[in-house]
Structures are given as structure tokens and as C-alpha cells.
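# Structure assessment
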Amino acid sequence: MGKFQVMDHPLIQHKLSLIRDKNCGTKEFREIVNEIATLMAFEVSRDMPLEDVDIETPEGIAHAKQISGKKVAIVPILRAGIGMVDGILDLIPAAKVGHIGMYRDEMTLEPHEYFVKLPSDIDQRQIFVVDPMLATGGSSIMAIDALKKRGASNIKFVCLVAAPEGVKALQKAHPDVDIYTAALDEKLNDKGYIVPGLGDAGDRLFGTK
Ligand SMILES: O=P(O)(O)OC[C@H]1O[C@H](OP(=O)(O)OP(=O)(O)O)[C@H](O)[C@@H]1O
Ligand SMILES: O=c1cc[nH]c(=O)[nH]1
Ligand SMILES: [Mg+2]
């Protein structure tokens with residue numbers, strides 16, 4: 001089973017509380033989602049492989065380290081995942097970005113894929129799939145299915161708020177995928193929204209309500 005980690009660093013908890021507030025406006029919501037994504041990227045990238053390098057400093061040779069091997073692709077699940085991309089790029093500016101478009105049918109809660117565009121070497125990259133919300137798990141499961149169908153194998157899923165139902169479903173469907181979240185909330189309501197959650201992340205990011 002992949003790792004499941006609630007990233008409860010005080011800065012992350014504080015910032016998440018700010019965006020849960022229903023009075024937090026679009027501009028602030030967007031900025032803080034990116035800030036949380038940056039903080040999470042620091043931990044999510046912790047096991048990136050290093051190699052030894054000798055660097056000539058002004059005073060001699062430093063036996064130092066640099067990131068080696070697998071390079072990173074950030075894959076947001078549209079739309080809401082886009083809100084986390086810039087925050088991760090702040091830390092890993094050389095990462096490539098793939099997009100997977102997914103919407104959830106409001107009645108059935110079934111996910112529907114409508115767009116996939118990935119870096120051509122996606123099978124060789126360490127992939128961070130990002131989406132603020134893990135509710136039933138349907139969207140993330142289908143997005144990761146789409147990645148694996150194209151040869152991807154090294155995948156981590158990063159969200160801000162998860163429901164227990166979604167964590168269970170994602171772990172069952174993709175036991176190889178590590179899951180990182182800023183909070184594990186109580187439950188889903190009868191409309192498939194996370195309670196207490198933060199509402200509809202896409203609408204709050206883009207001001208579409
Ligand atoms: O775990 P699930 O039950 O699948 O729900 C989570 C999905 O729902 C939301 O997307 P939505 O369908 O609202 O699309 P949007 O990002 O375009 O608003 C959210 O951003 C996730 O992708
Ligand atoms: O609570 C939820 C559930 C799914 N999608 C959202 O944006 N919010
Ligand atoms: Mg939405």
C-alpha cells in the first residue's frame with residue numbers, strides 16, 4: 001500500500017483555515033492555494049533521488065549532491081488542479097506540466113474525461129497529480145488510469161482536502177500511489193461534497209459561481 005500522509009505543518013493548517021472560510025474571495029483563495037501547494041511540494045519531493053557531484057567553489061572542491069534520474073511532471077486535474085501548479089513550479093521550475101480534464105456529473109457523481117495532454121516522456125517522469133479535492137475518488141482514480149494507460153508508473157497524488165471515502169477508493173484502485181493531503185475531513189454529504197471541506201474548489205478558484 002502507498003503512503004498516506006496528512007501534512008499538518010502549522011503553516012499549512014493555518015493557510016487551509018483561511019481558504020475554508022466562505023468569505024475568502026477568489027483572489028485570496030487562488031493565492032493561498034498556491035502557497036499551500038508550495039509548502040506541500042517541499043515534502044512531496046523529499047525522496048527525489050540525488051547523485052554525487054564535485055563542484056568547484058572559489059575555495060576548493062565541494063563533494064555535493066544534485067537531483068538525478070527521474071525528472072518531474074506536474075499533472076493537474078482540470079479545472080481545480082490548475083490552482084496548485086504555479087505553487088509547485090515555484091519550487092521545481094524545470095518540471096513539465098501535463099493536463100487531464102475531468103468533470104464530475106452532478107447527479108451521478110461519475111467522473112468524465114474530456115482532455116488529456118501530457119509530456120511525451122511521461123513514462124520516465126516522477127508524476128505529481130494535483131487536485132485540491134479528493135471526494136469520492138472517482139476523478140483521481142480515472143486520471144491515474146489515464147496516466148498508467150500511457151506508461152506512467154511513478155505517481156504521487158497531492159490534494160488539499162480528502163474525504164475518508166475517497167482515500168479508501170483511491171488506495172484500493174491504485175495501491176502503488178502515495179497520497180498527500182493537507183487535511184482529512186469527516187465525510188461526504190449527499191451531493192458528494194466534502195464536509196466541512198471548502199465548497200467547490202473550481203468555482204472558488206475561478207469565480208464561476
Ligand atoms: O473525488 P471526486 O468525487 O471525483 O470529486 C473531486 C473532483 O470534483 C472536483 O472537480 P469538478 O468535477 O467540480 O470539476 P472542476 O474542477 O472543473 O470544477 C474536484 O476538483 C475534483 O476533480
Ligand atoms: O467538496 C467537494 C467535492 C468535490 N469537488 C469540490 O470541488 N468540492
Ligand atoms: Mg468543480
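Residues numbered from 1 in each chain as written. Chains lettered and ligands numbered in written order. Predicted model: local features only at pLDDT ≥ 70, side-chain atom pairs only at ≥ 80, totals over all residues. Heavy atoms only, no water.

## Remarks on the environment of A135
- Among the structural elements, A135 can be located in the loop between β9 (133-134) and α4 (138-149).
- For the pair A135 and G166, spaced 31 residues apart in sequence, the C-alpha separation works out to 5.0 Å.
- In contact with A135, other than residues within four places in its own chain, are R104, A163, E165, G166, L188, G192 and I194. (Helix = DSSP H or I, 4+ residues; strand = E, 2+ residues; numbered from the N terminus. Contact = heavy atoms within 4.5 Å.)

## As for the site of ligand 2
- In the vicinity of ligand 2, the residues found are R104, M133, A135, G192, Y193, I194, G199, D200 and A201.
- Here I194 contributes a backbone N or O atom positioned 2.8 Å from an oxygen atom of ligand 2.
- Between ligand 2 and G199 there is a distance of 2.8 Å, counted from a nitrogen atom to a backbone nitrogen or oxygen.
- Across the complex, the protein chains shield 88% of the 240 Å² of accessible surface that ligand 2 would expose by itself.
- In terms of residue class, the shell around ligand 2 is built from 5 nonpolar, 2 polar and 2 charged. (Near = heavy atom within 4 Å. Polar contact = N/O pair within 3.5 Å; in protein donor to acceptor, adjacent residues only side chain to side chain. Areas by Shrake-Rupley, 256 points an atom, 1.4 Å probe, with all protein chains shown as cover. Nonpolar A, V, L, I, M, F, W, Y, C, P; charged D, E, K, R; others polar.)

## Examining the site of ligand 1
- Around ligand 1 lies a shell of 16 residues, among which R79, R104, D131, T136 and S139 are the nearest.
- Counting residues per element, the ones that place at least two in the shell around ligand 1 are β6 (99-104), β9 and α4.
- It is β6 that provides the largest number of residues to the shell around ligand 1, a total of 3 residues.
- Classifying every residue of the shell around ligand 1 by side-chain character gives 7 nonpolar, 5 polar and 4 charged.

## Some points on the nonpolar core
- Membership of the largest hydrophobic core comes to 38 residues, with the highest contact counts inside it found for L16, I19, I36, M40, L160 and L198.
- Elements that contribute at least two residues to this core include exactly α1 (10-20), α2 (26-44), β4 (71-78), α3 (82-91), β8 (125-130), β10 (154-162), β11 (178-184) and α6 (201-206).
- Top element by residues in this core is α2. It accounts for 8 residues.
- Sequence-distant contacts of L16, that is, excluding residues within four places in its chain, are made with I36, L160, V161, A182, A183 and L198.
- Counting 24 residues, the second-largest nonpolar core is a separate cluster that includes V75, I77, L147 and C159. (Core = buried A, V, L, I, M, F, W, Y, C linked by side-chain atoms within 4.5 Å. Buried < 20%, exposed > 50% of the residue type's maximum accessible area, 1.4 Å probe, protein only.)

## Some remarks on the packing of α4 against helix α5 (residues 164-173)
- At a closest axis distance of 9 Å, the pairing of α4 and α5 adopts a crossing angle of 20°. As judged from the angle between their axes, α4 and α5 are roughly parallel. By crossing handedness, the relation of α4 to α5 is classed as right-handed. Residues S140, I141 and I144 of α4 touch α5, and the partners they reach there are A169, L170 and A173. (Axes fitted to C-alpha atoms, helices over the stretch in contact; angles between N-to-C directions. Parallel < 35°, antiparallel > 145°, perpendicular 65-115°, else oblique. Left-handed = near helix turned anticlockwise from the far one by under 90°.)

## Some words on the UniProt feature "binding site: 5-phospho-alpha-D-ribose 1-diphosphate" (unreviewed entry) in the protein
- UniProt feature "binding site: 5-phospho-alpha-D-ribose 1-diphosphate" (unreviewed entry): in the numbering of this structure it lies at R79, R104, D131, P132, M133, L134, A135, T136, G137, G138, S139 and D200.
- Examined against the element boundaries, G138 turns out to sit in helix α4.
- The residue D200 is located in the loop between β13 (194-195) and α6 in this model.
- Not counting chain neighbours up to four residues away, the residues in contact with D200 comprise R79 and Y193.
- For D200, the side chain forms a polar contact with the main-chain nitrogen of G202, separated by 3.1 Å. (UniProt positions renumbered as here; feature names shortened; annotations may be inferred.)

## Section: α5
- Regarding α5, the residues found buried are G166, V167, L170 and Q171. Seen end-on, α5 carries its buried residues on one side only, within an arc spanning 125°. Projecting away from the buried face of α5 at angles above 90 degrees are the exposed residues K168 and K172.
- Buried positions along α5 lie against β1 (4-6), β9, α4, β10 and β11. (Arc of directions from axis to C-beta.)

## Brief notes about the packing of aromatic side chains
- Enumeration according to the criterion identifies 1 aromatic pair in this entry.
- Between the aromatic rings of Y103 and Y114, the centroid separation amounts to 6.1 Å while the plane-to-plane angle is 35°, which identifies the pairing as tilted. Taken as a pair, Y103 in strand β6 and Y114 in strand β7 (residues 111-117) lie far apart in primary sequence, 11 residues in all.
- Lying over the aromatic face of Y193, R104 brings its terminal NZ or CZ to 5.7 Å of the ring centre. (Phe/Tyr/Trp six-rings, centres within 6.5 Å; stacked < 30°, edge-to-face > 60°. Lys NZ or Arg CZ within 6 Å of the ring centre and 35° of its normal.)

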